[in-house]
Amino acid sequence: MSARYDQPNWAARAPNTLIRWLAEAGISIAGTRALRVRGRTTGKPRGVVVNLLTVDGARYLVSPRGNTQWVRNVRAAGVVELGPRWHRRPMGITELADDAKPELLQRYLAKWYWQVKGYVGGLTPDATHDELRAAAPSIPVFALLTGPASPA
């Protein structure tokens, strides 16, 4: 696991706040979803907007900025809530091994490169398998579990 974290500046946080508010209201912008996870130190629910990647019916969360606060909280909690304010669903979540990430990263970049190009470690949608494999340790990817969630 890499310690890379491309922390957003105020210029990135402002639109993210608006997009998160819309996602929490049930309005998705280009596949965004509202994610809530229990804070690892305070225990308070923390909200963030994420891009939900669906591949062959399986759903994944990718953190192109690296080891972010929401990633650390997810690792500690093992369960998240996904969806708008009035219809959040608790879901189990598991982190993928680096070997499982290249194809998912390729699909993620194909869909959201326009949004994440400034902080995805220099990757592009045309990145080779070797480049994606080399970047995999610094980009956390989680699979959402289909069964009922249980607290960690």
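This text gives an overview of the structure that appears in the document. (Residues numbered from 1 in each chain as written. Predicted model: local features only at pLDDT ≥ 70, side-chain atom pairs only at ≥ 80, totals over all residues. Heavy atoms only, no water.)

1. Quick notes on the nonpolar core
And then number 1: Judged by nonpolar contacts, the single largest core of 21 residues is most densely connected at L53, Y60, L104, L105, L123, I139 and V141.
And then number 2: Those elements that provide at least two residues to this core are strand 2 (45-55), strand 3 (58-62), helix 3 (101-116), helix 4 (129-135) and strand 6 (141-144).
And then number 3: Ranked by the residues each element gives to this core, the list is headed by helix 3, at six residues.
And then number 4: For L104, the contacting residues outside a window of four places in its chain are L53, V55, Y60, L96 and V141.
And then number 5: Counting residues in each nonpolar core, the second largest holds 15 residues, with L35, V74, A77 and I93 among its members. (Core = buried A, V, L, I, M, F, W, Y, C linked by side-chain atoms within 4.5 Å. Buried < 20%, exposed > 50% of the residue type's maximum accessible area, 1.4 Å probe, protein only. Helix = DSSP H or I, 4+ residues; strand = E, 2+ residues; numbered from the N terminus. Contact = heavy atoms within 4.5 Å.)

2. As for the environment of D130
And then number 1: Tracing the backbone through its elements, the reader meets D130 in helix 4.
And then number 2: Expressed as a C-alpha distance, the spacing of D130 and P102, which sit 28 residues apart in the sequence, is 8.4 Å.

3. Observations regarding the side chain of N73
And then number 1: On the secondary structure map, N73 appears in helix 2 (residues 69-77).
And then number 2: Setting aside chain neighbours within four positions, we find N73 in contact with V37, R38, G39, R40 and R46.

4. Describing the sheet that holds strand 3
And then number 1: With respect to topology, six strands assemble into a closed barrel ordered 1-2-3-6-5-4, the strand pairing being antiparallel. On average, each strand axis in the sheet is inclined to that of its neighbour by 45°, with strand direction left out of account.
And then number 2: As defined by bridge partners, strand 1 (residues 32-38) adjoins strand 4 (residues 79-82) across two bridges and the pair is classed as antiparallel. Residue pairing for strand 4: R36 is matched across the bridge by E81.
And then number 3: Contacts between helix 2 and the sheet are confined to strand 1, strand 2, strand 3, strand 4, strand 5 (89-95) and strand 6, with strand 1 contributing the most and set at about 55° to the helix. (Pairing = 2+ DSSP bridges. Axes fitted to C-alpha atoms, helices over the stretch in contact; angles between N-to-C directions.)

5. Overview of helix 2
And then number 1: By the burial criterion, the buried members of helix 2 are W70, V71, N73, V74 and A77. In an axial view of helix 2, the angular spread of the buried residues amounts to 165°, which keeps them on one side of the axis.
And then number 2: In the segment just after helix 2, G78 is the residue with positive phi, at about 75°. (Arc of directions from axis to C-beta.)

6. Section: the pairing of strand 4
When a strand is regular, its side chains alternate between the sheet's two faces.
And then number 1: The pairing of strand 4 with strand 5 spans four bridges and is classified as antiparallel. Bridging from a neighbouring strand, V80 pairs with M91 of strand 5.
And then number 2: Linkage of strand 4 to strand 5, two consecutive antiparallel strands, is achieved through a turn of six residues, within which G83 is found at a positive phi near 125°.

7. Considerations on helix 3
And then number 1: An ideal rise of 1.5 Å per residue puts 22 Å on 16 residues; helix 3 reaches only 17 Å between its terminal C-alpha atoms.
And then number 2: A bend of about 60° at A110 is the largest found in helix 3.
And then number 3: Residues K101, P102, L104, L105, Y108, L109, W112 and V116 constitute the buried set of helix 3.
And then number 4: Tucked into the core, helix 3 has its buried residues touching strand 2, strand 3, helix 4 and strand 6. (Expected span 1.5 Å × (residues − 1). Bend = angle between axes of the 7 residues up to and from the residue.)

8. Topic: the packing of aromatic side chains
And then number 1: Going through the model one piece at a time under the given rule, you end up with two aromatic pairs.
And then number 2: Ring geometry for W70 and F142: centres 6.1 Å apart, planes at 50°, overall tilted. Residue W70 is found in helix 2, and its partner F142 is found in strand 6; the two are separated by 72 residues along the sequence. Assigned by exposure class, W70 and F142 land together as buried.
And then number 3: Between Y108 and W112 the ring centres are 5.0 Å apart and the planes differ by 50°, which places this aromatic pair in the tilted class. One end of the pair is Y108 and the other is W112, both in helix 3 and four residues apart, which spans about a single turn.
And then number 4: A residue is classified by how much of its surface remains accessible, and Y108, at 2% relative accessible area, is buried. (Phe/Tyr/Trp six-rings, centres within 6.5 Å; stacked < 30°, edge-to-face > 60°.)

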